[in-house]
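As a plain string of letters, each chain reads:
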Amino acid sequence: MPPHDDEEHRQLLANRLLDSSEEESAYEYSDKVHIIGVDEPDDEDSTKTPPFSWKKLWAFTGPGFLMSIAFLDPGNLEGNLQAGAIAGYSLLWLLFWATAMGLLVQLLAARLGVATSRHLAELCRDEYPKWARLLLWIMTELALIGADIQEVIGSAIAIKILSRGFLPLWSGVVITALDCFVFLFLENYGVRKLEALFAILIAVMAVSFAWMFGETKPNGAELLVGMVVPKLSSNTIKQAVGIVGCVIMPHNVFLHSALVQSRDIDHHKIGRVREALKYYSIESTAALAISFIINLFVTTVFAKSFYGSKIANSIGLENAGQYLQEKYGGGAFPILYIWAIGLLAAGQSSTITGTYAGQFIMGGFLHMRLKKWQRALITRSCAIIPTLIVALAFETSEKSLDVLNEWLNVLQSVQIPFALIPLLCLVSREEIMGVFKIGSAMKVISWLVAALVMLINGYLLMDSLSSAVSGVLITSVIVVFTGAYVAFIVYLISRGITSSNWFVKNKSITSIDN
């Protein structure tokens, strides 16, 4: 790196740190895991990346696993079990590549948070005019509420199964809401305690679904073929769209950019920032590799058990365990309860991360100076009230609950551009990222992935609307909203291009003057 670029970046970081010190940060200094001083010499070159250290990797491990919970939430589990039951092993290759695309997006979110010392919601607040950032906040909150309803309902279904139907859905919703506050209380004892809780919940999921994998004994040869041979038919398009649509959740992009700030690193030294990015890349990749294996277990269990059966199209979260029980019997430990334990761990962990994300999103976009418990209460209330209504309304109708789940997936898919576009625009800009902006090749790959994800989710939206909408008035309203939706996406992209071009032009003029 040329010396003047090094100096420019150090000055950029210094100014950014000075600005961020005047406002509320994602984590208080006392709450952070302090990295400085672990296996480090005092007289190091500030631009040199320190050598690899297992001890340092352990210190950085945590945020990636919290991020990976969104890949294991009840919405993903339902998408995976339906893909297995309807498409068999044929979509395993897509599950792998969808997870890889999700990893790319999450690494960019982590890069943004580490390089700027601010998370995506905070940067959006500064980047866009008031009307645009408020609209972005509303869209993100809607996506978060949609995800939260699925997650809480998933936990409530698990509680209903484990209580043998004694506790109805609505009581499971209340229990899940209260549990969330109890778990978040652990944060007062340090972020590592909260991360340990998530590690335990991921382990519970892994053991539960691995147990089911062992009980059902999926076909190894078909599993391998499904992993390496791309196959897609007209009958499995909907399941394929569901797999891709579930892996990138808007609130998770905002969350990961904030979680990486839980580690205290020396942002004045470029080598330290590079080191943090390296360790976060390793732990995020490991976390999503584990999530992929867990999702693989779920998909193959239902592929082995129900692919080609008459009930394949009717399987959902609520009846999946019962169908497994009827097929494989009780045994020493009934598979119904193994399924429920895994589902409960998925629901509880994802509701906590949803509340966590809501705090960062609200605080970042609105610059609200509230205590953590106050933000948690507001965020939780926004999701629990509609979830209670859903639980009471759909208590006795499994089919209606599955239909609602499909529309919640549509709601979240609609919001994906409002997380991806600001992220990609910001990580591409030198005045934001300094020397850590993404290069041309990565920019092309990232935008291609984003375009693919948005097109796939657009297909899901159009397919859902075409089968559900009728009448001139409703069609006209949808056309108007679609036009406004597309116009806002175009605005976000054009603003990103304009801002980037302005900086390049201004920098060129400054260089000529100097």
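Bear in mind the structure is a predicted one, so any value in this text is a computation, not a measurement.

Caption draft 1: The overall build of the protein chain, seen in detail. When you go through the protein chain residue by residue, the secondary structure sums to 21 helices and two strands. Residues counted as buried form 54% of the 514 residues belonging to the protein chain. In the protein chain, once contacts between residues fewer than 6 apart in sequence are set aside, the share between residues at least 24 apart is 85%. As displayed, the protein chain has an accessible area near 21,900 Å², and 66% of this comes from carbon and sulfur atoms.

Caption draft 2: Quick look at empty space enclosed by the protein. Considering all chains together, one arrives at seven cavities of 30 Å³ or more under this definition. Here the largest cavity defines a volume of roughly 130 Å³. Forming the boundary of the largest cavity are 16 residues, of which Glu78, Ile153, Leu317, Leu401 and Asn405 lie nearest the centre. Taken together, the residues of the lining of the largest cavity sort by class into nine nonpolar, four polar and three charged.

Caption draft 3: Quick peek at the packing of aromatic side chains. Considering all chains together, one arrives at 19 aromatic pairs under this definition. Their ring planes at 80° and their centres at 5.2 Å tell us that Phe96 and Trp97 sit as a pair that is edge-to-face. The rings of Phe52, Trp54, Phe60, Tyr279 and Tyr280 are connected pair by pair, giving a single aromatic cluster. Positioned above the aromatic ring of Trp58 is the side chain of Arg192, whose terminal nitrogen or guanidinium carbon lies 5.4 Å from the ring centre. The ring of Tyr279 has Lys278 sitting right over it, with the charged end atom 5.1 Å from the ring centre.

Caption draft 4: Representation of the packing of helix α4 (residues 74-87) against helix α13 (residues 270-306) in the model. Axis separation between α4 and α13 bottoms out at 7 Å; the angle between their running directions is 35°. When you trace α4 past α13, the crossing you get is right-handed. Of α13, the residues touching α4 (which contributes Leu77, Asn80, Leu81, Gly84 and Ala85) are Asn295, Val298, Thr299, Phe302, Ala303 and Phe306. Across the contact of α4 with α13, the residue classes break down as seven nonpolar, four polar and no charged.

Caption draft 5: Expanded view of the pattern of salt bridges. A full pass over the atoms with the stated rule returns ten salt bridges. The shortest N-O distance in the salt bridge between Arg495 and Glu127 comes to 3.9 Å. On the criterion of sequence distance, the pair formed by Arg495 in helix α21 (residues 472-513) and Glu127 in helix α6 (residues 120-127) is long-range, its members being 368 residues apart. Residue Arg495 is classed as partly exposed on the basis of its relative accessible area of 27%. Salt bridges here are not isolated pairs; linked through shared partners, they connect Glu127, Arg429, Glu431 and Arg495.

Caption draft 6: Focus on the state of the cysteines. Counted by the stated rule, this structure contains zero disulfides. In this structure Cys124 is a free cysteine whose sulfur lies 9.6 Å from that of Cys425, the closest cysteine sulfur available. On the accessibility criterion, Cys425 (8% relative accessible area) is buried.

Caption draft 7: Fine view of the side chain of Asn252. Within the secondary structure, Asn252 sits in helix α12 (residues 250-259). Taking relative accessible area as the criterion, Asn252 reaches 2% and is therefore assigned buried. A polar side-chain atom of Asn252 sits 3.1 Å from the main-chain carbonyl oxygen of Met67. Residue contacts for Asn252: discarding those within four places in its chain leaves Met67, Ala70, Phe71 and Gln106.

Caption draft 8: Highlighting α4. With 14 residues, α4 should cover 20 Å at 1.5 Å per step; its first-to-last C-alpha distance of 19 Å lies within 8% of that length. In terms of burial, α4 is largely enclosed, as twelve of its 14 residues are buried. Of the residues making up α4, those classed as buried are Pro74, Gly75, Asn76, Leu77, Glu78, Gly79, Asn80, Leu81, Ala83, Gly84, Ala85 and Ala87. Of the residues one or two after α4, Gly88 is the one with positive phi, at around 65°.

Caption draft 9: Structural detail: the packing of α6 against helix α15 (residues 335-366). Relative to each other, α6 and α15 sit at 20°, their axes nearing to 7 Å. One finds that α6 runs roughly parallel with respect to α15. By crossing handedness, the relation of α6 to α15 is classed as right-handed. Every residue of α15 that contacts α6 at Ala121, Glu122, Cys124 and Arg125 is listed here: Phe360, Ile361, Gly363, Gly364 and Phe365. In the contact of α6 with α15, the residues fall into five nonpolar, two polar and two charged.

Caption draft 10: Highlighting unusual backbone geometry. The residue Ser117 is not glycine, and still its phi comes out positive at about 65°. Mapping Ser117 onto the fold places it in the loop between α5 (92-116) and α6. Residue classification places Ser117 among the buried residues on the basis of a relative accessible area of 13%. Here Lys217, not a glycine, exhibits a phi torsion of approximately 55°, which is positive. Topologically, Lys217 is positioned in the loop between α9 (191-216) and α10 (220-228). Classification of Lys217 as exposed rests on a relative accessible area of 59%.

What counts, and at which threshold
- Every chain is numbered independently, its residues counted from 1 as its sequence is written.
- Only residues with pLDDT of 70 or above have their local features reported here, since the model is predicted, and side-chain atom pairs are shown and tallied only from 80 upward, although totals for entire chains, interfaces and linings are computed over all residues.
- Excluding hydrogens and water, the side-chain figures rest on all heavy atoms present in the structure.
- Only runs of H or I of at least four residues qualify as helices and only runs of E of at least two qualify as strands under DSSP, and these elements are numbered from the N terminus.
- For every residue, the accessible area obtained with a 1.4 Å probe (protein chains only) is divided by the maximum for its type, and the residue is called buried under 20%, exposed over 50%, and partly exposed between those limits.
- Throughout, a residue-residue contact means that at least one pair of heavy atoms, one from each residue, lies within 4.5 Å.
- The Shrake-Rupley method, run with a 1.4 Å probe sphere, supplies the accessible areas, and residue values consider only the shown protein chains as cover.
- Cavities and pockets were defined on a 1 Å grid built from protein atoms only: a cavity is a group of points that admits a 1.4 Å probe but offers it no way out, a pocket is an open group of points flanked by protein on both sides within 12 Å along at least five of seven lines, and a lining residue is one with an atom within 4 Å of any such point.
- Grid points are joined across faces, edges and corners, and a volume is the space filled by probe spheres set on the points.
- Residues were grouped as follows: Ala, Val, Leu, Ile, Met, Phe, Trp, Tyr, Cys and Pro as nonpolar; Asp, Glu, Lys and Arg as charged; and all remaining residues, including Gly, as polar.
- Centres within 6.5 Å are what make two rings of Phe, Tyr or Trp a pair, Trp counting through its six-membered ring; a difference in plane orientation under 30 degrees is then read as stacked, over 60 as edge-to-face, and the rest as tilted.
- Two conditions define a charge sitting above a ring: the NZ of Lys or the CZ of Arg must be within 6 Å of the ring centre, and it must be within 35 degrees of the ring normal.
- Axis lines are fitted through C-alpha atoms, for helices just across the contact stretch, and the angle between N-to-C directions can take any value from 0 to 180 degrees.
- If you view the pair so one helix is near and one far, a crossing is left-handed when the near helix is turned anticlockwise from the far one by less than a right angle, and right-handed when it is turned clockwise.
- One side-chain nitrogen of Lys or Arg within 4 Å of one carboxyl oxygen of Asp or Glu is enough to make a salt bridge.
- The term disulfide is used for any two cysteine sulfur atoms that are within 2.5 Å.
- As used in this structure description, the phrase polar contact means that two N or O atoms lie within 3.5 Å; if the pair is within protein, one of them must be able to donate a hydrogen and the other to accept it, and residues adjacent in sequence are counted only when both atoms belong to side chains.
- A helix's residues, less one, multiplied by 1.5 Å, set its expected span.
- By definition in this entry, angles of less than 35 degrees are roughly parallel, angles greater than 145 are roughly antiparallel, angles of 65 to 115 are roughly perpendicular, and the rest are oblique.

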